[in-house]
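# Fold and contact review
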Amino acid sequence: MTRDFIHPERYSKSFELYAKALKVIPGGVNSTARAAFSGWEPHPIFVDHGTGSRLVDVDGNEYIDYLLGLGPMLLGHRPERVTRAVSQRIESTGTVFALPTEAEIELAEAIVEAIPSVDTVRVVNSGTEGVLYSLRLARAYTGRTKVIRFEGQYHGFSDGIYWSKHPDLALAGSDARPVALAQGPGVPHEMGDSLVIAQWNDLAMIERIFDENPGEIAALITEPIMCNTGCILPNAGYLEGLREITARHGALLIFDEVITGFRIARGGAQQVFNVTPDLTVMAKGLGGGFPVAALGGRREVMDLASDGRVSIAGTYSGNTIAISSALASLKYLKDEASYADLYRRSDQLREGLAQLMVEKSIEGSVVGVGPVYQVWFSDSPIQNYRDAARHSRGDVFRIWWEEMLDRGVLFHPGHLENLFLSFAHSDQDIADTLERADESLDAVLARSVAA
Ligand SMILES: Cc1ncc(COP(=O)(O)O)c(C=O)c1O
């Protein structure tokens with residue numbers, strides 16, 4: 001069944017642009033995540049502009065924005081300090097030189113200072129690249145091939161890791177022994193042999209995998225919070241356990257902090273949970289909305305890139321747009337941003353939403369850390385992807401999304417995605433959102449009962 005907006009007439013210009021886009025852009029969009037089939041039915045909403053915590057679409061509808069570009073707009077839309085720094089840098093120096101600039105050293109120093117486990121760092125262009133290079137480094141460093149990854153996580157779209165993101169459980173093997181499933185045709189199937197798929201929050205399974213693959217595991221890669229399945233938190237001691245087991249077996253621990261980095265604390269999840277990975281990938285929190293990512297970690301591992309044993313390349317890596325945006329953004333996060341305020345507002349919204357669900361006897365929860373979380377409509381707790389696939393009510397979530405959108409609140413329509421807060425969201429935004437959530441949840445009750 002194709003789903004529709006509550007008031008389709010409010011999206012007529014978006015609809016027109018979508019029809020036009022379909023003729024020249026496959027699916028009408030430039031990323032799978034924006035496609036109608038990824039949840040944006042009946043068609044994606046075309047954006048006119050964003051300012052601070054607000055987004056305005058081409059039909060003139062204004063939203064309080066919790067989509068935040070899927071995370072990069074941590075400072076809000078068009079953050080003045082970053083936008084100004086980038087435009088000045090472009091106008092005064094240019095963009096790409098195929099030679100280093102002094103600003104690159106300044107940025108590396110700022111990242112090393114902010115992220116506890118990072119001794120040295122390379123700047124790249126996307127989270128996908130950062131992950132790809134981290135796996136290459138880990139394999140080169142250990143001389144081993146296999147990598148443990150978790151079902152339900154996303155580490156970008158490179159062939160070696162674009163597996164088992166949200167697999168169909170009918171095909172994904174037993175709970176105890178999940179099998180690797182490629183994201184689709186075109187991903188070489190033999191690459192699955194280099195992956196071992198695990199369930200999140202189950203240390204015994206990781207122990208067993210190491211026992212069954214002695215001397216073969218190069219690395220375990222994980223999001224420290226499972227943001228790509230609706231923000232599942234690690235159980236107490238889980239990340240510490242992963243650290244201990246990987247170290248004991250001579251494998252590297254890679255934290256994919258593409259979402260959590262600079263967001264849940266300036267030092268990322270590793271600062272919050274006090275666990276030190278060998279390598280860290282950072283991206284969405286880094287550049288105030290500009291395309292920039294980084295990969296850093298232990299000096300002796302990163303040193304493989306110093307003499308070309310491992311190649312970390314890229315014509316655009318370290319371009320002045322990336323460097324100046326990240327520098328300005330990190331300066332803002334260090335000097336001006338108040339994480340305490342961000343947490344206060346985030347907690348107000350999270351607790352407010354949870355309270356509304358209790359008052360209305362809606363089964364579910366609101367789970368996350370600080371400015372990243374998800375609302376679950378589920379009758380049982382969710383510890384891993386399979387719990388989510390079995391218990392989370394994506395159909396109810398979609399109704400909630402339609403009702404909130406209709407009232408001018410935007411987030412991703414998928415129940416396995418996240419709500420993001422920015423430093424630009426105000427107390428008034430939170431109060432307005434809760435008021436609209438109150439009405440929307442009433443409508444969710446009425447419509448789910450009627451369905
Ligand atoms: C945890 C995580 N890792 C990696 C990526 C890939 O990053 P990018 O889209 O910048 O390639 C994403 C993107 O959503 C992500 O959420």
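Being a predicted model, the structure only gives us computed values, none of them experimental.

### Some words on the pattern of salt bridges
Evaluation of the coordinates by the stated rule reveals 32 salt bridges. Note that Asp 438 and Lys 360 form a salt bridge whose closest N and O atoms lie 2.6 Å from each other. With Asp 438 in helix α13 (residues 427-450) and Lys 360 in the loop between α10 (339-359) and β11 (365-369), this residue pair connects regions lying 78 residues apart in the sequence. Given a relative accessible area of 16%, Lys 360 falls into the buried group. Close ionic contact of Lys 360 with Asp 442 constitutes a salt bridge, the shortest N to O distance being 2.9 Å. Separated by 82 residues along the polypeptide, Lys 360 in the loop between α10 and β11 and Asp 442 in helix α13 bring together distant segments of the chain.

### Overview of the nonpolar core
Of all hydrophobic cores here, the largest spans 63 residues; its most connected members are Tyr 66, Ile 111, Leu 333, Phe 377, Trp 400, Phe 411 and Phe 423. Among the elements that make up this core, the one with the highest residue count is helix α9 (residues 320-335) (eight residues). When residues are assigned to domains, this core turns out to be shared by domain 1 (8-75 + 338-450) and domain 2 (80-335), each giving three or more. Of all hydrophobic cores here, the second largest spans 28 residues; its members include Leu 137, Ala 283, Ala 293 and Val 301.

### Concerning the state of the cysteines
Cysteine pairs can be linked by a disulfide, which is a covalent bond between their two sulfur atoms. The final tally for this structure, using the stated rule, is zero disulfides. Lacking any disulfide linkage, Cys 231 is separated from the closest cysteine sulfur, that of Cys 227, by 4.3 Å.

### Observations regarding the packing of helix α5 (residues 203-212) against helix α6 (residues 238-248)
Packing of α5 against α6 brings their axes to within 10 Å, and their N-to-C directions diverge by 10 degrees. Classified by the angle between their axes, α5 and α6 sit roughly parallel to one another. Note on element contacts: α6 touches α5 through Tyr 238, Gly 241, Leu 242, Ile 245, Thr 246 and Arg 248, opposite Leu 203, Ile 206, Glu 207 and Phe 210. Grouping the amino acids of the contact of α5 with α6 by side-chain chemistry returns six nonpolar, two polar and two charged.

### What about the domain arrangement of the protein?
Interfaces are often described in size by the accessible area the parts lose on coming together. For the protein, the domain assignment lists domain 1 (8-75 + 338-450) and domain 2 (80-335). Domain 1 and domain 2 are separated by 26 Å when their C-alpha centres are compared. Taken together, the contacts link 31 residues of domain 1 with 38 residues of domain 2. Summing the contributions of domain 1 and of domain 2, the shared interface buries around 2800 Å²; its carbon and sulfur component is 59%.

### As for the layout of surface pockets
It is the rolling of a water-molecule-sized probe over the atoms that shows where space remains empty. Taken as a whole, the second largest pocket spans an internal volume of roughly 460 Å³. What lines the second largest pocket is a set of 24 residues, among which Pro 100, Glu 104, Val 123, Ser 317 and Gly 318 lie closest to the centre. For the lining of the second largest pocket, the secondary-structure elements that each account for two or more residues are α3 (102-114), β4 (120-124) and α9. A per-element tally of the lining of the second largest pocket places β4 first, with four residues. Looking at the lining of the second largest pocket residue by residue, the classes come out as 14 nonpolar, eight polar and two charged.

### A look at the side chain of Arg 386
Along the chain, the position of Arg 386 falls in helix α11 (residues 385-391). For Arg 386, a relative accessible area of 2% translates into the label buried. Of the polar contacts made by the side chain of Arg 386, one reaches the backbone oxygen of Ser 174; its length is 3.3 Å. Dropping the residues within four chain positions of it, Arg 386 is found in contact with Glu 151, Leu 169, Ala 172, Gly 173, Ser 174, Asp 175, Pro 178 and Gln 199.

### Here we look at the packing of α3 against α9
Axes are the key here: two packed helices are described by the angle between their axes and the distance separating the axes. With their axes 10 Å apart at the nearest point, α3 and α9 run at an angle of 40 degrees to one another. Crossing angle aside, the handedness with which α3 passes α9 is left-handed. Side by side, α3 and α9 meet where Ala 103, Glu 104, Glu 106, Leu 107, Ala 110, Ile 111 and Glu 113 of the first sit next to Ile 323, Ala 326, Leu 327, Leu 330, Lys 331 and Lys 334 of the second.

### What to know about the site of the ligand
The environment of the ligand is formed by 13 residues, the closest being Gly 127, Thr 128, Asn 228, Asp 256 and Lys 284. Asn 228 is positioned such that a nitrogen or oxygen atom in its side chain is 3.0 Å from an oxygen atom of the ligand. One of the side-chain nitrogen or oxygen atoms of Asp 256 is found 2.6 Å away from a nitrogen atom of the ligand. In the complex, 86% of the free accessible area of the ligand, which totals 390 Å², lies under the protein chains. Looking at the shell around the ligand, its residues break down into four nonpolar, six polar and three charged.

### Thoughts on the packing of aromatic side chains
Applying the stated criterion to the full structure yields 13 aromatic pairs. Here the aromatic rings of Phe 377 and Trp 400 are separated by 6.2 Å at their centres, their planes lie at 70 degrees, and the arrangement is edge-to-face. Here Phe 377 is found in the loop between β12 (372-376) and α11, whereas its partner Trp 400 is found in helix α12 (residues 394-406), with 23 residues between them in sequence. Accessibility expressed as a relative area gives 3% for Phe 377, which makes it buried. In this structure Trp 400 comes out as buried when scored by relative accessible area, which is 1%. Feature note: the residues Phe 5, Tyr 11, Trp 40 and Trp 401 constitute an aromatic cluster, connected by ring pairs. Positioned above the aromatic ring of Tyr 154, the side-chain terminus of Lys 165 is 4.9 Å from the ring centre. Arg 350 extends its terminal NZ or CZ atom over the ring of Tyr 373, reaching a point 5.0 Å from the ring centre.

### Things to note about the sheet that holds strand β14 (residues 419-420)
In space, the three strands of this open sheet follow the order β11-β12-β14, with antiparallel pairing throughout. In this open sheet, the two edge strands, each paired with only one partner strand, are β11 and β14. When β11 meets β12, the two strands line up antiparallel, connected through five bridges. Looking at β12, one finds that Val 367 is bridged to Gln 374. Contacting β11 and β12, α10 crosses the sheet at an angle of about 165 degrees to β11.

The rules behind each value
Per-chain numbering applies: the sequence of each chain, read as written, is numbered from 1 onward. For this predicted model, a pLDDT threshold of at least 70 governs which residues receive local features, and a threshold of 80 or more governs which side-chain atom pairs are given and counted, while totals over whole chains, interfaces and linings are taken from all residues. The basis for the side-chain values is all heavy atoms of the structure; hydrogens and waters are excluded. Salt bridge, as used here, is a side-chain nitrogen of Lys or Arg placed within 4 Å of a carboxyl oxygen of Asp or Glu. In this text, helices come from DSSP runs of H or I with a minimum length of four residues, and strands from runs of E with a minimum of two, each type numbered from the N-terminal end. We call a residue buried when its accessible area falls under 20% of the maximum for its residue type, exposed when it is over 50%, and partly exposed in between, using a 1.4 Å probe and counting protein chains only. Take the buried residues of types Ala, Val, Leu, Ile, Met, Phe, Trp, Tyr and Cys, join any two whose side-chain atoms come within 4.5 Å, and each joined set is a nonpolar core. Note that domain bounds follow an automatic or database assignment of domains. Cysteine sulfurs are considered disulfide-paired once they come within 2.5 Å of each other. Each axis is a line fitted through C-alpha atoms, taken for helices only over the stretch in contact, and angles between the N-to-C directions span 0 to 180 degrees. Roughly parallel means an angle under 35 degrees; roughly antiparallel, over 145; roughly perpendicular, 65 to 115; everything else is oblique. For this analysis, residues touch if any pair of their heavy atoms sits within 4.5 Å. Classes in brief: Ala, Val, Leu, Ile, Met, Phe, Trp, Tyr, Cys and Pro nonpolar; Asp, Glu, Lys and Arg charged; the others, Gly included, polar. Summed over both partners, the accessible area (1.4 Å probe) lost when two parts come together is defined as the buried area. Here a cavity denotes grid points, spaced 1 Å and computed from the protein atoms alone, that fit a 1.4 Å probe unable to get out, and a pocket denotes an open set having protein on both sides within 12 Å along at least 5 of 7 lines; residues with an atom within 4 Å of a point are the lining. Grid points are joined across faces, edges and corners, and a volume is the space filled by probe spheres set on the points. Under this definition, polar contacts are N or O atom pairs within 3.5 Å; protein pairs additionally need one hydrogen-donor-capable and one acceptor-capable atom, and for neighbouring residues in sequence, both atoms have to be side-chain atoms. Crossing chirality is assigned from the near helix's rotation relative to the far helix, an anticlockwise turn below a right angle marking it left-handed and a clockwise turn marking it right-handed. Summary of the distance rule: residues count as near a molecule or strand when at least one heavy atom falls within 4 Å of that molecule or strand. Where accessible areas are quoted, they stem from the Shrake-Rupley method and a 1.4 Å probe; at the residue level, only the protein chains shown are allowed to cover. Only rings of Phe, Tyr and Trp enter the pairing, Trp through its six-membered ring, and a pair is recorded when the two centres are within 6.5 Å. The plane angle decides the type: under 30 degrees is stacked, over 60 is edge-to-face, the rest tilted. Put simply, a charge is over a ring when the Lys NZ or the Arg CZ is close to the ring centre, within 6 Å, and near the line of the ring normal, within 35 degrees. Two strands pair under a simple rule: DSSP has to find at least two bridges between them.

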